[in-house]
Amino acid sequence: MVFAAPNDALARAEGVLRTDPPPLHASVAHQVIGIWQRDWGDMRLALDHLRRARDLAARADSAEREADVLATLGVALVHAGRTRQGLAAFERGVGRGSGHTRARVLFRRAYAWWVLGHHREALEDVRRAVPVLRQADDVIWTARALTLRATVHLALGAVDRADADFTAAEALWDTTGQEHDKADAVESRGLAAFRSGDVPASLRLLDEAEERYAKLGTPTFMLDIRRCEVLMAAGLAPEALALADGAIAVLDGLGGQSTRKAELLLAAAKAARLAGDPATATARAAVAVRLFAGQRRTWWEAHARLVLIESRVAAGRGSGRLVAEAVRVAERLSSFGAPAAPEAWLLAGRIALGLDWTEDAERYLAVAARSRRSGTPLARLTGWAAQALWARATGSERGVLEACRRGLDVLDDHRTTLGASELRARATAQGAELAALAQEVSLERGGPRRLLVWSERWRATVLSAPPTRPPADPALLSGLTAYREIAARAEEARRDGRPVPTLEREERRLERSIRSRTLHIRGESPGDGDRFDVGRLLERLGETRLVELAVLDGRVQVLLCGGGRVRRFVGGPVAEAEREAEHVQFGLRRLAHPGAERMVPVVEAAGRTLERLLLGGAAAHLGAGPVVVVPPARLHQVPWALLPSLRDRVLSVSPSAGSWLRARETEPPPGGRHVLVRGPGLATGGAEVPEVAGRYGRPTVLEHADARAPRVLAELDGAALAHIAAHGTFRADSPMFSSLRMADGPLIVHDFERLARSPYRIILSSCDTARLASVGADELLGLVTALLPLGTAGVVASSAPVNDEAVVALMLALHKGVSAGLSLAEALRDARAALPGDALHQATGWAFTAFGAA
């Protein structure tokens, strides 16, 4: 009962003790309380109760009862970090018990071996226990033993064996009422799904397990550790760090298991390192190493030492001593058969390369490279990274490029299993090193064309295929509707000056629920399989010049495409360009308000600096035709129309050359429907909409109560042109919840992703709609990038706050050109030129950008 209904069991046990029971019954009651405290409470109290249970069993002269309690005590002592005492308790328990009882003791000792990282010993004990438990027809304990054996198999990388045991255990659990064990089985299946490379299924199963545990009212520290691992693999390291640190705080408050604390510290250290915080990673890993060493958990200690060395290297440290430490850890992990061993060999090779210890590096990298042929996608990626570095060390240019290609192909296959565009984007970070390495080799020994190909290979890959959407997921739809309603009520309360903490809590809960539903979606699209072709690009460009910017070793490399060739120019330091872009954004925000004319010369000077840094000598070779700029994700906030050589041009921006080609070749939908939307609360009331409507015959105009999200989405689907005048909000903390305000609440990125086909051309007459979050290797998340994979070939949007009055004038001029048959980029150029020459209108023109090719 203590696992099926833990709180009820605790109350019943305490009730038994109040009746002055005989020693045998008292022993059982104290054991139950000890288990409850061990797993969900105070470890000190757990040990007190379990020792009393042991003593009472001895008084009752029951060897079987004493053996059973000794096994429970052994688990508690191991979790408390008293490994030697725990193993001694198990030894006595095995000696005191017989038959069925001894099998249960062996199972719990196997569990302790697993906690300690002694996997072969764990398999031996559970192998001895399972036949006896089956013979006794002990369904619950047999299922537990099979679940444990599967978990040990996973730790050793034997996923197929684990699946077989999990399946057998699940069939047994279905015949019982053990709700906690059933939740544990779901959690374990989530771990198995992760080990097999299915991240969406893993997240779904772990969420289901959490719901089951919540109904039982039990803490979930092991689940938190496993969730951290999956979140890190999904590119969500900051979330994993927050989860681990939060769980540590709860565990410390309870006085809970020392073993779980060490494991949570290890998870936090890994997450901090991946999140780019080596100081925090080093601190967490160092404490984890000390705890694991004190607990005599050598398997775990080796993993913690690996993270500690990785964190020190990430902080800029490198020495012969670190190489030796990394090699020792790699040898230890290899002796354990741990899947992390190749990662350790790769680390040793990296450090050795940094010290120019080429011969040693080649040896370590060759060992790490063996993992490229088998295992999970991320394990194979480690192997290909090692192979690429090994080829670089041995001077094989072809070997480097082949390893990079093969490694990125592995990651491509992995990304197609992810249905959510957020996960696809974040997963690309795993391939950043391979892409950069290939670009470096291309820069050193290849021509501009090869550099362009590799620049495109891992740029804006998420936009090559639309996100996978389940057909009308009712839970997701109801969640989106509830979120809109709560967000609208919260916004109204804020305007009225009323407190909103309850509404904000519910808003955050619904955000988490929506996000979880989308992350659970498994990918179905294999991508377009269309490799980038430089010749095709040059042919389609015609008189247009495409400027693709790559960043290598901190400097901007400018690839100018057009006129049948690709030329390379060198720009300035990218960090300096990023700082200048931030200054420009600040200036544009100031210029959105009257009276800031003095900022114009400052902003224009920044534009000249940006041109020097970002275009270099290419600025003098742009010709007279249209220009397409393909910036890296980290430079997405640059207002390109501010650069002197681009200011009076037909100018568009694209996340990649491949994206521009796809947009260029996208056919407009039949029918030519035009949709105009006016959201609430605009200072001008969306004054341009009635006048714009007169330019398009009989467009669909949605305003007031008609401008509700479901109706707006229905009309936008498959439209030829859409114009949305609405308040825009960019969410840097959660870009998929960036929104446009409709009559019934926010229309978010997740809503747009449900469109079968987004409008062929869309004009977002709103603040901040072109602001995007840079994630993964070179990906962007936000409103604009949600539209591009869904059929949109052209977007006009703003990267900064803008003045509502000035926007009306710009939009009227823009639609004059569009209705006359101009592309968005052509119409935007003419609209800027037609605006009054004051600072307010100038800044408004600079803030808007045309994306795509329509």
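Bear in mind that the values here come from a model prediction, so they are computed numbers and not experimental data.

**Comments concerning the overall build of the protein chain**
Scanning the protein chain from N- to C-terminus turns up 37 helices and 16 strands. The C-alpha radius of gyration computed for the protein chain amounts to 31 Å, which stays within 12% of the reference 29 Å derived for 854 residues, consistent with globular compactness. Counting only C-alpha atoms and orienting by the principal axes, one finds that the protein chain spans roughly 100 × 65 × 50 Å. For the protein chain, buried positions account for 58% of its 854 residues. Within the protein chain, contacts between residues separated by at least 24 positions form 70% of all contacts whose residues are at least 6 apart in sequence. As displayed, the protein chain offers around 32900 Å² of accessible surface, 50% of which is attributable to carbon and sulfur atoms.

**Here's the deal with the packing of helix α6 (residues 99-116) against helix α8 (residues 139-155)**
Close contact between α6 and α8 brings their axes to 10 Å; oriented N to C, the two are set at 25°. Comparing the axis directions of α6 and α8 gives the class roughly parallel. The way α6 lies across α8 gives a crossing that is left-handed. Taking contact as the criterion, the partners of R104, F107, R108, A110, Y111 and W114 in α6 are, on α8, W141, R144, A145, L148, T151 and V152. Partitioning the contact of α6 with α8 into residue classes produces 8 nonpolar, 1 polar and 3 charged.

**Here we look at the pattern of salt bridges**
With the rule as written, the count across this model stands at 66 salt bridges. Put simply, R284 and D245 hold a salt bridge, and the shortest N to O gap is 3.0 Å. One end of the pair, R284, is in helix α15 (residues 278-294); the other, D245, is in helix α13 (residues 237-254), and 39 residues separate them in sequence. Classification of D245 by relative accessible area gives partly exposed; the value is 25%. One salt-bridge network, held together by shared partners, links E402, R405, R406, D409, D412, R415 and R457.

**Considering the pairing of strand β1 (residues 545-552)**
In terms of residue burial, β1 counts as a mostly covered element, since 7 of its 8 residues are buried. Where β1 and strand β4 (residues 627-630) come together, 4 bridges link them in parallel fashion. Bridging from a neighbouring strand, R545 pairs with V627 of β4. Judged from the 7 bridges that link them, β1 and strand β2 (residues 555-562) form a sheet pairing that is antiparallel. In the strand pairing of β2, L546 is matched with C561. Connecting β1 to the antiparallel partner β2 that follows it, the hairpin turn spans 2 residues, and D553 within it adopts a positive phi of roughly 50°.

**Comments concerning the sheet that holds strand β11 (residues 745-748)**
Within a beta sheet, neighbouring strands are joined by backbone hydrogen bonds and run either parallel or antiparallel to one another. Ordered by their spatial adjacency, 3 strands build an open sheet running β9-β10-β11, and the pairing between neighbours is antiparallel. Looking at which strands have only one partner, the edges of the open sheet turn out to be β9 (728-729) and β11. Where β9 lies against strand β10 (residues 739-742), 2 bridges are found, and the strand directions are antiparallel. Note on β10: the bridge partner recorded for G728 is L740. Across the sheet, helix α25 (residues 474-495) touches β10 and β11, and the angle it forms with β11 is around 130°.

**Examining the nonpolar core**
One finds L614, W640, L646, I724, V795 and L814 to be the most contacted residues of the largest nonpolar core, which totals 106 residues. By size, the runner-up hydrophobic cluster in this structure holds 92 residues, among which are V78, W113, L148 and V323.

**Focus: helix α7 (residues 119-135)**
If you check α7, its first and last C-alpha atoms are 25 Å apart, about what 17 residues at 1.5 Å a residue would give, namely 24 Å. Three or more residues of α7 are buried, namely H119, A122, D125, V126, A129, V130 and L133. Looking at the buried side of α7, the elements it contacts are α6, α8 and α16 (298-314). Looking at the residues trailing α7, positive phi occurs at D137, about 55°.

**Describing the environment of A726**
Note on placement: A726 falls in the loop between β8 (721-725) and β9. Among the residues examined, A726 registers a relative accessible area of 1% and is labelled buried. Along the chain, A726 and G681 lie 45 residues apart, while their C-alpha atoms are 8.0 Å from each other. Not counting residues within four places of it along the chain, the set of residues in contact with A726 comprises G679, L682, L740, R741, M742, S765 and S766.

**Describing the side chain of D207**
Tracing the backbone through its elements, the reader meets D207 in helix α11 (residues 199-216). Take D207: its relative accessible area is 13%, and that puts it in the buried class. With residues near it in sequence (within four places) discarded, D207 still touches R227, S516 and H520.

**Details of the packing of aromatic side chains**
All chains considered together, the criterion is met by 8 aromatic pairs. Through a chain of ring-to-ring contacts, the aromatic side chains of F3, W36 and W40 assemble into a single cluster. Sitting over the ring of W141, R144 keeps its end group 5.0 Å from the ring centre.

**Some points on unusual backbone geometry**
Non-glycine residue D20 carries a positive phi angle of around 55°. In this structure, D20 sits in the loop between α1 (6-17) and α2 (23-40). For D137, which is not glycine, the phi dihedral falls at a positive 55°. With respect to the helices and strands, the residue D137 is situated in the loop between α7 and α8.

**Focus: the side chain of E779**
By the element assignment, E779 lies in strand β14 (residues 779-781). Here E779 is buried and forms no salt bridge, its nearest opposite-charge partner R415 lying at an N-O distance of 6.0 Å. Contact partners of E779, with chain neighbours within four places excluded, come to A425, T428, W458, R459, A460, T461, V462, A633, A773 and S774.

**Remarks on helix α37 (residues 839-847)**
By the criterion of burial, α37 is predominantly enclosed, with 8 of the 9 residues buried. When we look at burial in α37, the residues that qualify are A839, L840, H841, A843, T844, G845, W846 and A847. Turning to α37, the residues buried within the fold contact α28 (574-591), α29 (599-614), β15 (794-798), α35 (804-819), α36 (824-834) and β16 (848-852). Regarding α37, its N-cap is D838, as a side-chain oxygen of that residue lies 3.1 Å from the backbone nitrogen of L840 further along.

**Side note on the packing of helix α21 (residues 397-415) against helix α24 (residues 448-457)**
For the pair α21 and α24, the least separation of the axes is 12 Å and the interaxial angle reads 25°. Judged by the inter-axis angle, α21 sits roughly parallel to α24. The handedness of the crossing between α21 and α24 comes out as left-handed. Between α21 and α24, the contacting residues are E397, L401, C404, R405, L408, D409 and D412 on the first element and R450, W454 and R457 on the second. Among the residues forming the contact of α21 with α24, the class breakdown is 4 nonpolar, no polar and 6 charged.

What counts and what doesn't
Each chain has its residues counted from 1, following the order in which its sequence is written. Only residues with pLDDT of at least 70 get local features here, since the model is predicted, and only at 80 or more are side-chain atom pairs given and counted; chain-wide, interface and lining totals rely on the full set of residues. Excluding hydrogens and water, the side-chain values take into account all heavy atoms of the structure. We count a stretch as a helix when DSSP gives it H or I for four or more residues in a row; a strand needs E for two or more, and each element gets its number in order from the N terminus. To get the radius of gyration, use the C-alpha atoms; to get the globule rule, take the number of residues to the power 0.38 and multiply by 2.2 Å. Partly exposed describes any residue whose relative accessible area lies between the buried limit of under 20% and the exposed limit of over 50%, with all areas from a 1.4 Å probe on protein chains only and scaled to the type maximum. The contact criterion used is simple: two residues touch if any of their non-hydrogen atoms lie within 4.5 Å. We get accessible surface area from the Shrake-Rupley algorithm with a probe of 1.4 Å; when it comes to residues, only the shown protein chains can shield them. Note on method: axes are straight lines fitted to C-alpha atoms, helices fitted across the in-contact stretch only, with angles between N-to-C directions ranging 0 to 180 degrees. Each angle receives one of four descriptions, namely roughly parallel if under 35 degrees, roughly antiparallel if over 145, roughly perpendicular if within 65 to 115, and oblique otherwise. For any pair of crossing helices, the crossing counts as left-handed if the nearer helix is rotated counterclockwise from the farther one by less than a right angle, and right-handed if it is rotated clockwise. Gly is put with the polar residues, along with every residue not named as nonpolar or charged; the nonpolar set is Ala, Val, Leu, Ile, Met, Phe, Trp, Tyr, Cys and Pro, and the charged set is Asp, Glu, Lys and Arg. Any Lys or Arg side-chain nitrogen located within 4 Å of an Asp or Glu carboxyl oxygen qualifies as a salt bridge. Pairs of strands are assigned from DSSP output, requiring at least two bridges between the strands. Nonpolar cores are built from buried Ala, Val, Leu, Ile, Met, Phe, Trp, Tyr and Cys residues. Side-chain atoms within 4.5 Å join them into one set. Every helix has an expected span of 1.5 Å times one less than the residues it contains. Two rings belonging to Phe, Tyr or Trp (six-membered ring only in the last case) form a pair when the distance between their centres is within 6.5 Å. Interplanar angles under 30 degrees mark stacking, angles over 60 mark edge-to-face geometry, and anything in between is tilted. Placement of a positive charge over a ring is assigned whenever Lys NZ or Arg CZ falls within 6 Å of the ring centre and within 35 degrees of the normal to the ring plane. Only four residue types enter the tally: Lys and Arg on the positive side, Asp and Glu on the negative side; His and the chain ends are excluded. Polar contacts, as counted here, are pairs of nitrogen or oxygen atoms within 3.5 Å of one another; within protein the pair requires one atom able to donate a hydrogen and one able to accept it, and residues that are adjacent in sequence qualify only if both atoms are side-chain atoms.

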